[in-house]
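A structural walkthrough
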Amino acid sequence: MAEAAGNIEMAQVPPVPLGVEIPPEPPEVGTRQLFFAGRMLAGSASFFFLAFVFAYFYLRSLDVDHMWKPKGVSASEGWGVAIAIVLVASAALAVAAGRLMGKGSRTPQAGWLNLAAGSLVAGLAAVVLQCIEWSTQSFGPDSGAYASVYCGWTALYTLMVLGALYWLEIHVATEIRARRHPAPHGDIADPDRLIQPGLDAAVFFWCFTVGLGVLAWVILYPISS
């Protein structure tokens, strides 16, 4: 019975003549998939960090045993402002890189690579600043409700930043490799045609990530002070 079912399933697959090359997937299909993938990823991240927003306001409203924010527990607003500024600058560079890429790689707008690289450097600088802030703060996750929310939120957000930067770095590395080893023919002869959809999705998600960072800064620094 199983063998007969297998024969029926195999019969439904149309035979492909030998020597016939399967055509590549139309670029529009991949572009549409990356467009929706970036937005679905942003949606899932929203629900994830919504838990920290809820925890912040819920624990602050309860303030059990006055342990919401004990004396001496306060994040440095100076470091927070520096991190937010660097993140916004990185997002601006990423947006500019995406727009130049969309104008075509055969023109002087090919400088999108430098802008994307600058965005990566600024994003990594934000991670370094966050690590410096952690090393200088005088409290840990067990120093009250605010400290617990702050440490968990910033730690997981930093991991998200590294993931988004890695996605952006993939396209920068692909472009550099394509320019060093250009192909004589085929789609790879114009690598930006394949890179652009992924870059657009990566830039969108990176800007969304920066937006979450700005929201975290507003809640964890000015509002809590």
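Residues numbered from 1 in each chain as written. Predicted model: local features only at pLDDT ≥ 70, side-chain atom pairs only at ≥ 80, totals over all residues. Heavy atoms only, no water.

Counting its regular elements, the protein chain contains six helices and zero strands. Its helices and strands taken in sequence order, the protein chain reads α-α-α-α-α-α from the N to the C terminus. Across the 225 residues of the protein chain, 35% fall into the buried class. For the protein chain, the share of sequence-separated contacts (at least 6 apart) that also reach a separation of at least 24 residues comes to 82%. Of the roughly 13,100 Å² of accessible surface on the protein chain, a fraction of 69% belongs to carbon and sulfur atoms. (Helix = DSSP H or I, 4+ residues; strand = E, 2+ residues; numbered from the N terminus. Buried < 20%, exposed > 50% of the residue type's maximum accessible area, 1.4 Å probe, protein only. Contact = heavy atoms within 4.5 Å. Areas by Shrake-Rupley, 256 points an atom, 1.4 Å probe, with all protein chains shown as cover.)

Time to look at the packing of helix α4 (residues 112–136) against helix α5 (residues 145–180). Two elements in contact, α4 and α5, have axes separated by 10 Å at closest approach and are oriented at 155 degrees. As summarised for this structure, α4 and α5 are arranged roughly antiparallel, according to the angle between their axes. Our pair here, α4 against α5, has a crossing hand that is left-handed. Classifying every residue of the contact of α4 with α5 by side-chain character gives 15 nonpolar, six polar and four charged. (Axes fitted to C-alpha atoms, helices over the stretch in contact; angles between N-to-C directions. Parallel < 35°, antiparallel > 145°, perpendicular 65-115°, else oblique. Left-handed = near helix turned anticlockwise from the far one by under 90°. Nonpolar A, V, L, I, M, F, W, Y, C, P; charged D, E, K, R; others polar.)

It is worth spelling out the confidence of the model for the protein chain at this point. Per-residue confidence for the protein chain gives a mean pLDDT of 84; residues scoring 70 or more make up 79%. Per-element averaging of pLDDT across the protein chain places helix α1 (residues 2–11) at the bottom with 43 and α4 at the top with 95. When the criterion is pLDDT under 50, residues 1–13 qualifies, and its contacts beyond four places in sequence or with other chains add up to zero contacts. pLDDT under 50 marks residues 105–109. Its contacts with residues more than four places away, or in other chains, come to eight contacts. (pLDDT = per-residue confidence, 0-100.)

To continue, consider the environment of T174. Within the fold, T174 resides in helix α5. For T174 and I195, which are 21 residues apart along the polypeptide, the C-alpha to C-alpha distance reads 7.7 Å. For T174, the side chain forms a polar contact with the main-chain oxygen of I170, separated by 2.7 Å. (Polar contact = N/O pair within 3.5 Å; in protein donor to acceptor, adjacent residues only side chain to side chain.)

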